[in-house]
Each structure stands twice: as structure tokens, then as C-alpha cells.
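Structural features, examined
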Amino acid sequence: MKTNHAIRASLAALAFGCTLLLPVAGHARGYTPQGLCGGYTRLDIGSPAGTCVALLADEAQGLRAPRRILEVAPGRYWVVDMGSWEPRRGRLLEMVLPTEGAAPRRARFSVLAEQLDRPLGLVAGPDGKIYVGESGTIWRTPIPLPGGTLQRETVIDGLPGDGTHPLKELAFGPGGRLYVNVGSDSDACRDSSSKQYPLPCPDLAGPKPRAAVYEAVLAGPDHKLQSFKPFATGLRNSVALTVLPDGPAKGTVLQGENSIDYEDVGQPPEELNRLQAGRDYGWPYCVGNRQPARGYENRHDCKATEAPLMLWPAHAAPLQMITGPADSRFAGQLLVAWRGHQPPGHRVVGYKLDARGLPSGKPIEWLAGWSPKAGVRPMGRPTGITVDRQGRLLAVEDFNRTILMLLPDTGAAPQK
């Protein structure tokens, strides 16, 4: 016979399972509805004139810490929900948007996989399969029919899943090349008491360094792993990683560097790096435009490292980068989710690609004005973005547990 505690636990688990499948009334963390946006709840988040920001889902649908979203088939979106920083709390979800019903509508979810270990990366491969990056492994699966079962196949295993930066971002390039983030073990090559490790930094030593982006080569009809080796080093945490798909710079690997955590508001700047094979980008010895990091003055030649393509505001915290699809309003742009809590962060921006095919100029703010406002909204925490087949920008927030969509503003008046 079950104890009262066990019965309560079983009922709670059943109730939670139902929230994944059925829309439930409720508000996202700290957000107050501001009327309607395309049949969904409208949120007060800054966006370009003629647009509005819709709330598709939140913790009422069971979201815990969504980090990535991708439309894998028409109208079918997969969501990586990391769950928490504890191992084996992550899930892979499928989201479907309702096409009818009373407003405000909510997305519907089903669980595809559970007990994932701090998952992050979610990309479509050249073989038509979807690749998922957990902390220690990368696997892929064909896209099953709705309601079908995943066919999980391990691609790379034995990756380091400990330390400060265990998350694995993924980006495909030409010729079956898959780029993988292997983040540093620490913030600035210091121990738990903030004492610097001796030079050279242990993260950078040996044939399998951390603080690096690795290149996997997949080949043959089955896209089998042929090699897996460091591509570029001296990169603290490359959770913002993409490859330009076309144009003059086609195949260029871009990395958004989450730099060392100084307490200063304006230092050090984040970096946008153009990665090249075998090059060193400076961590932990250098920050910004090849300037010595604190504690490494006169101890390393920063001029021998690669200069960034662009400097971004300090603590902006780039957590994902994608290129806008050619048939969307985001065409010719690099889109970036900035999660940082300091003023330059909490927004989604775009950079136009110049004549070289590289991002340049000032940022275009697609989701901004996202500072906290009592009784209206919390601080924005965008961690992942995508543009779907209809050309709509979607964003997920981990801490606020939301999925958002940028839509045309039809002028629905705020509800009183």
C-alpha cells in the first residue's frame, strides 16, 4: 500500500504531466498581460513599430528552463528544456501552436526525451536528422511522425561535463563539419579561492584542451564520425556559435565570446570572433582587443593572439547566434540573443552583413526595452532564438520560463 506521501507524489507527477499536454490558465513569471497579440497574450516588451510580442507558453505549460527552440517540420517546434544545472533534469519537448480556439491561446507540448544531462545544442544536420548536445555527449535522431518515438544514435561521447562551462553548443558548416563548444573549466583559470593556476593554464594543455571550439568531420552515406579535434582555442565559453551559410563569407565560423566576469559595469567587452583553424583567441590571458586580463599583465603576448571581429558591450552575454533566413525580414543579418543582466543585455539584436558578408555596424533591436518594470514585466532573459518557416522570430527565456514570438501588431487594445 502506498503511503500518503507516495500518493501525493504520484498525484503531483500526474498533474505535472497533464500541464505539458493541456493549456492551463496562468501568467509567466513577473509578466502581466497587456491585451492580445495575434490571438496570444501580449507582453510589454519593446519591439519595432508595427509589431508586438506574444506569449506562446510559460511555466503553466510545464516549462522549467527552456534554452533552445527549432522548427523541425512545418508547425512542429522542438524545445530543449535544460531543467536546471543539476545533471539529468533536462528534456526535449515538442511544441505545436493552436490554430483555433478562444484567445488568448497557448501552445501545446509533448515530451520526446527525459533525463537529459544539461542539454543545450539543437541543430538540423545535413543528413536531415536533428542533433542534440548534452554536457558529455552529442546524439542525433530522425524526425519521427507526430507521436512517434525518437531513434537516438550517439555521434560523439566522452566530452567533459564538469566545471563552470559544461554546455555543448553545435553549429554545422560545409562538408559535414560540425563545430562543438568545449567551454573552460573555470571563469579565469583560477581555483575556488580565486588563486590563479600556474602558467600555462591547465585548460589549454594537452591534446584535448578545453576553452576551445572543436571540429568534427562526418562523412559517408551514414555521416559517420571521421575525426574530432580542436579547431580554435582560447575561447572561454562558445555557447553563441554559428556558421555563415551563404554570401561572400560562406562557411565562416563566428563565435560570440562570453568574457571573464569582472565586477565592473563596463569591462571587459564581449567579443565577436571570426574563427580560423589553429588560431588562439586569448583566454584566459587576454580580453577585448588583445588587452591583458587582470593578473596576466606582462605575462603573455596578447598581440600574438587573434583580434576580435567586433567588440560588444561588457556583460551582454551572447547565448545564441543564428543567421536570418533569406526569405524573411531578418535576411542578411546575424541575430544574437543577449541575456546579460547589466544594461546592455536582455535583448535580441541583429547585425547587417556587409559587402564582405560579415556582420558590422550598429545593432538592430528586435526585442529590447526589456528592463524590469514593477507589475508589468521582469528583466528579459533570452537564451535561444529561431526564425520559423513563416519568417517569425521566436525566443525562449530560461529563468522566466517563457516562449515568445514577434508578430505583426493588429492593434488589439489592451484588456482592462
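Since the structure is predicted, the reported quantities are computational estimates derived from the model, not experimental observations. (Residues numbered from 1 in each chain as written. Predicted model: local features only at pLDDT ≥ 70, side-chain atom pairs only at ≥ 80, totals over all residues. Heavy atoms only, no water.)

A few words now on the overall build of the protein. Scanning the protein from terminus to terminus reveals one helix and 28 strands. Once the C-alpha set of the protein is aligned to its principal axes, its extents read approximately 65 × 55 × 45 Å. Per-residue burial over the protein gives 53% buried out of 416 residues. For the protein, the accessible area works out to roughly 17800 Å², and carbon and sulfur atoms hold 53% of it. Computing the positive centroid from 47 side-chain charges and the negative centroid from 40, the protein places the two 3 Å apart. (Helix = DSSP H or I, 4+ residues; strand = E, 2+ residues; numbered from the N terminus. Buried < 20%, exposed > 50% of the residue type's maximum accessible area, 1.4 Å probe, protein only. Areas by Shrake-Rupley, 256 points an atom, 1.4 Å probe, with all protein chains shown as cover. Lys, Arg positive; Asp, Glu negative; His and termini not counted. Charge placed at Lys NZ, Arg CZ, Asp CG, Glu CD.)

What follows is about the packing of aromatic side chains. One pass over the structure, following the stated rule, counts seven aromatic pairs. When the ring of Y179 is compared with that of F231, the centres are 5.1 Å apart and the planes differ by 65°; the resulting orientation is edge-to-face. Taken together, the positions of Y179 in strand β13 (residues 177-182) and F231 in strand β15 (residues 224-233) put the pair 52 residues apart, joining distant regions of the chain. Accessibility classification places Y179 together with F231 in one group, the buried group. Aromatic side chains W312 and Y351 sit 5.7 Å apart centroid to centroid with 15° between the ring planes, which places their arrangement in the stacked category. Remark: Y351 occurs in strand β24 (residues 347-352) and W312 occurs in strand β21 (residues 310-312); sequence separation between them is 39 residues. Judged by its relative accessible area of 3%, Y351 is buried. Among the aromatic side chains, those forming a connected cluster through ring pairs are W312, W338 and Y351. Seen from the ring of F399, R29 lies directly overhead, with NZ or CZ sitting 5.2 Å from the centre. A cation over an aromatic ring shows up here: R105 above the ring of Y40, its NZ or CZ 5.7 Å from the ring centre. (Phe/Tyr/Trp six-rings, centres within 6.5 Å; stacked < 30°, edge-to-face > 60°. Lys NZ or Arg CZ within 6 Å of the ring centre and 35° of its normal.)

For P344, the location among the structural elements is in the loop between β23 (333-338) and β24. Taking the relative accessible area as the measure of exposure, P344 reaches 23% and is therefore partly exposed. Measuring from C-alpha to C-alpha, the distance between P344 and V182 comes to 26 Å, with 162 residues separating the pair along the chain.

Time to look at the state of the cysteines. According to the stated counting rule, one finds three disulfides in the structure shown. Between C37 and C52 runs a disulfide, and the two sulfur atoms are separated by 2.0 Å. Here C37 and C52 share a disulfide; its torsion about the S-S bond, 85°, makes the bridge right-handed. Here C37, found in strand β1 (residues 36-37), pairs with C52, found in strand β3 (residues 51-57); they are 15 residues apart in sequence, far enough to count as distant. Take C37: its relative accessible area is 0%, and that puts it in the buried class. Here C52 falls in the buried class, since its relative accessible area comes to 2%. (Disulfide = S-S within 2.5 Å.)

A residue-level look at the protein finds 92% of positions with pLDDT of 70 or above and a mean pLDDT of 92. This model gives residues 1-26 a pLDDT under 50, and the stretch forms 29 contacts once residues within four places in sequence are excluded. (pLDDT = per-residue confidence, 0-100. Contact = heavy atoms within 4.5 Å.)

It is worth spelling out the nonpolar core at this point. Counting residues in each nonpolar core, the largest one holds 20 residues, and the members touching the most others are L56, I69, M95, L97, F109 and I403. When contributions to this core are tallied by element, the ones reaching two or more residues are β3, β5 (76-81), β6 (90-96), β27 (393-397) and β28 (402-408). Sorting elements by how many residues they give to this core places β3 first, with four residues. In this structure, L55, I385, L393 and A395 belong to the second largest nonpolar core, which totals 19 residues. (Core = buried A, V, L, I, M, F, W, Y, C linked by side-chain atoms within 4.5 Å.)

Burial of strand β18 (residues 270-275) is extensive: five of the six residues sit out of reach of the surface. Looking at chain direction, strand β17 (residues 253-257) and β18 are connected through five bridges and run antiparallel. Along β18, the bridge assignment pairs V253 with L275. Strand direction decides the pairing type here: β18 and β21, joined by three bridges, are antiparallel. Within β21, the residue paired with E270 across the bridge is W312. (Pairing = 2+ DSSP bridges.)

The sheet built from four strands is open, its strands ordered β22-β23-β24-β25 with antiparallel pairing. Edge positions in the open sheet fall to β22 (318-323) and β25 (364-367), since each of these has one partner strand only. Averaged over all adjacent pairs, the angle separating strand axes in this sheet is 25°, with direction ignored. Where β24 and β25 come together, three bridges link them in antiparallel fashion. Within the sheet, the bridge partner assigned to V349 lies in β25 and is E365. (Axes fitted to C-alpha atoms, helices over the stretch in contact; angles between N-to-C directions.)

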